[in-house]
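# Tertiary structure, described
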Amino acid sequence: MKRRDKHNYYLDIAETVLERGTCLRRNYGSIIVKNDEIISTGYTGSPRGRKNCIDLNKCIRDELNVPRGTHYELCRSVHSEANAIISASRKDMIGATLYLVGKDAKTKDFVENANSCAMCKRLIINSGIKTVVIRDTKDCYRIIEVEEWVENDDSLSSNIGY
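Residues numbered from 1 in each chain as written. Predicted model: local features only at pLDDT ≥ 70, side-chain atom pairs only at ≥ 80, totals over all residues. Heavy atoms only, no water.

We now examine the pairing of strand E2 (residues 37-43). Note on strand geometry: in a regular strand, side chains alternate between the two faces of the sheet. Both strand E1 (residues 26-34) and E2 contribute to a ladder of 6 bridges, which runs antiparallel. Bridge pairing in E2 places Lys 34 opposite Glu 37. Hairpin connection from E1 to E2: 2 residues lie between these consecutive antiparallel strands, with Asn 35 at a positive phi of about 50°. (Pairing = 2+ DSSP bridges. Helix = DSSP H or I, 4+ residues; strand = E, 2+ residues; numbered from the N terminus.)

Here you go:
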């Protein structure tokens, strides 16, 4: 029997976390790991106490045909990365790895070219997280060194995220 590699192990956990997501378009799960300990988790959903899109049975961005990666101010949800970051202490996040998995809410397919949005990238940089691992398929993933986002800071606003 072959043992699951560590990146896929943590991505599997992030994939389970995304199942708590409440977005009608795409749900993401994030976990922050340091020294082989899970520091925090986060999924896509409305701020505490506010109604979620699944409760309202509508998505304003869908209703307005807003393209992916634009007009986040219209969205009710807090992104999974932000939710994981606000649930952790910065001292615990310095040098940590964030694992990110996204799935289409309707098809349950992995989000193609998934990435953090520009705002979440800024939060990740400021949190001290060192590496981001993003699932592309069940067994394939990309490893991004956050320092690359710092060095290529003009790309922070141009990459399509959620």
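Okay, the pattern of salt bridges next. Counted by the stated rule, this structure contains 11 salt bridges. With its nearest N and O atoms 3.3 Å apart, the salt bridge here joins Glu 15 to Lys 138. Separated by 123 residues along the polypeptide, Glu 15 in helix H1 (residues 6-18) and Lys 138 in the loop between strand E4 (131-135) and strand E5 (141-145) bring together distant segments of the chain. Take Lys 138: its relative accessible area is 41%, and that puts it in the partly exposed class. Salt-bridge contacts for Arg 142 lead to Asp 136; the nearest nitrogen and oxygen are separated by 2.9 Å. Under the relative-accessibility criterion, Arg 142 is labelled partly exposed at 27%. (Salt bridge = Lys/Arg side-chain N within 4 Å of Asp/Glu carboxyl O. Buried < 20%, exposed > 50% of the residue type's maximum accessible area, 1.4 Å probe, protein only.)

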